[in-house]
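# Descriptive analysis of the structure
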Amino acid sequence: MNISNLIESSDAPARSVRGKVRLRGLTKSYQIGGRTLPVLVGIDLDIAAGEFVSIVGRSGCGKSTLLRLISGLDRDHAGDMWLDDVPIIGTSLDCGMVFQDSSLFPWMTLRSNIAFALQGRADLSDVEKTRRVTDAIDLVRLTEFGDAWPRQLSGGMAQRGAIARALVNEPELLLLDEPFGALDALTRTYLQRELQHIWLRQRSTMILVTHDVEEAVFLSDRIVVMDAAPGRIHRIVPVPLSHPRDPADPAVQRIKETILTDLVGD
Ligand SMILES: Nc1ncnc2c1ncn2[C@@H]1O[C@H](COP(=O)(O)OP(=O)(O)OP(=O)(O)O)[C@@H](O)[C@H]1O
Ligand SMILES: [Mg+2]
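These figures come from a predicted structure and were not determined experimentally. Numbers given to residues run from 1 along each chain, matching the order in which its sequence is written. To read the labels, note that chains go from A and ligands from 1, taken in the order they are written. For a predicted model such as this one, the threshold for reporting local features is a pLDDT of at least 70, and the threshold for listing and counting side-chain atom pairs is 80 or more; totals across whole chains, interfaces and linings nevertheless cover every residue. Side-chain numbers here rest on the full set of heavy atoms in the structure, without hydrogens or water.

### Quick word on unusual backbone geometry
The amide bond that connects alanine 229 to the next residue, proline 230, takes the cis arrangement and shows omega of -10°. Numbering of helices and strands runs from the N terminus; a helix is a DSSP stretch of H or I covering at least four residues, while a strand is a stretch of E covering at least two. Within the fold, proline 230 resides in the loop between strand 9 (222-227) and strand 10 (232-238). For aspartate 85, which is not glycine, the phi dihedral falls at a positive 65°. For aspartate 85, the location among the structural elements is in the loop between strand 4 (78-83) and strand 5 (86-87). Phi is positive for alanine 229, close to 50°, though the residue is something other than glycine. You can see alanine 229 is positioned in the loop between strand 9 and strand 10.

Okay, here's the thing in structure tokens:
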């Protein structure tokens, strides 16, 4: 089934009702050489369940820091965060994360890498775990490669493997920090379409950090444009276009130009 069928089909999954994110006054500083470096200041943001939001901004404006805070990996901050009205105070299986480099363990097959994420899930039977791993591998279209070692996968395949590993716990929120940044343009375009396909299937909330404004416009419901030094929200740009989008569509290009002007000026 292709993406347009998925959108039009009445079988398409209903919008998720979980995965709502709320940030209030989120503020973060680092200590560098005895100096306090304010990185994020007063971030207020509401993301609806099932929404796809991208974050763009100059290098160093705090995008990765923001994702790490939302993921609960970094807990030293001011301000408050909630996932579905539950305060975020640490990492959780409800929130998956994908980094720029696939970070698959080289000593495990793809299947074992993905199964590893289910370690400690005493609530799942072995049969259910096997089913989830197989489903995740199928979802990212690596069905034939479950027994492959990471070194036997291309960069794009390894990145799809990392997405499968992040999805196997069925998180309601998926955070992606430049997941396609290290890939060539063709693979990148392919994986953008794959990610959209996965989002349309899963309907989990996704927050994508990207340097690629066209990627953001292609995928997102809304785009958060950040200012730097210290990082704060400059503005939020809605993308009121139906999926699938055509990168050559003048409406897509107009939104892209607006955001580029914000980022780099006229
Ligand atoms: N662990 C750390 N210790 C000290 N300073 C840090 C740490 N991590 C990030 N910073 C600082 O925080 C600021 C924001 O970094 P961050 O990695 O969030 O930026 P970014 O927007 O993701 O940049 P890029 O687009 O280059 O990935 C930078 O000034 C950086 O030096
Ligand atoms: Mg970063």
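Structure's up, so let's keep going.
### What to know about the side chain of lysine 63
Mapped onto the elements of the fold, lysine 63 is located in helix 2 (residues 63-71). A 1.4 Å probe rolled over the protein chains alone gives each residue an accessible area, and that area as a share of the maximum for its type sets the label: buried under 20%, exposed over 50%, partly exposed in between. His residues and chain termini do not enter the charge count, which takes Lys and Arg as positive and Asp and Glu as negative. Any Lys or Arg side-chain nitrogen found within 4 Å of a carboxyl oxygen on Asp or Glu counts as a salt bridge. Among buried charged residues, lysine 63 stands out as having no salt bridge; its nearest opposite-charge side chain is glutamate 178, 5.2 Å away. Pairs of N or O atoms are called polar contacts if they sit within 3.5 Å, as long as, within protein, a hydrogen donor faces a hydrogen acceptor (for residues adjacent in sequence, only side-chain-to-side-chain pairs). At a separation of 3.0 Å, a polar atom in the side chain of lysine 63 contacts the main-chain carbonyl oxygen of glycine 57. The criterion used for residue contact is that any of the two residues' heavy atoms lie within 4.5 Å. Contacts of lysine 63, omitting those with residues within four sequence positions, involve Ile55, Val56, Gly57, Arg58, Val209, His211 and Met226.

### What to know about the sheet that holds strand 4
At least two DSSP bridges between two strands are needed for those strands to be called paired. Spatially, the four strands line up as an open sheet ordered 2-1-4-5, and their pairing is antiparallel. Sheet topology places strand 2 (35-47) and strand 5 at the edges, where each strand pairs with a single neighbour. Convention adopted: a line fitted to C-alpha atoms gives each axis, helices being fitted over their contacting stretch, and angles between N-to-C directions are expressed from 0 to 180 degrees. On top of the sheet, helix 2 reaches strand 1 (21-32), strand 2 and strand 4; it is set at about 120° to strand 1, its chief contact.

### Considering the sheet that holds strand 9
Reading across the sheet, the six strands line up as 6-7-8-3-9-10 and stay open at both edges, with mixed pairing between neighbours. Single-partner strands in this sheet number two, and they are strand 6 (95-98) and strand 10. Looking at each pair of strands side by side, their axes are set apart by 20° on average, direction ignored. In this sheet, strand 8 (residues 205-209) lies alongside strand 3 (residues 52-56) in parallel orientation, the contact comprising four bridges. When the bridges of strand 8 are listed, valine 53 appears paired with isoleucine 207. Against the sheet, helix 2 contacts strand 3, strand 6, strand 7 (173-177), strand 8 and strand 9, and its axis sits at roughly 155° relative to strand 7. Docked against the sheet, helix 8 (residues 250-264) engages strand 3, strand 9 and strand 10, running at close to 170° with respect to strand 10.

### Re the pairing of strand 7
Where a strand is regular, its side chains alternate between the two sheet faces. Counted residue by residue, strand 7 has five buried out of five residues, so it is predominantly covered. Side chains of strand 7 alternate between two faces, with Leu173, Leu175 and Asp177 and Leu174 and Leu176 buried alike. Pairing of strand 6 with strand 7 involves four bridges; the strand directions are parallel. From the neighbouring strand, glycine 96 faces strand 7, where its bridge partner is leucine 174.

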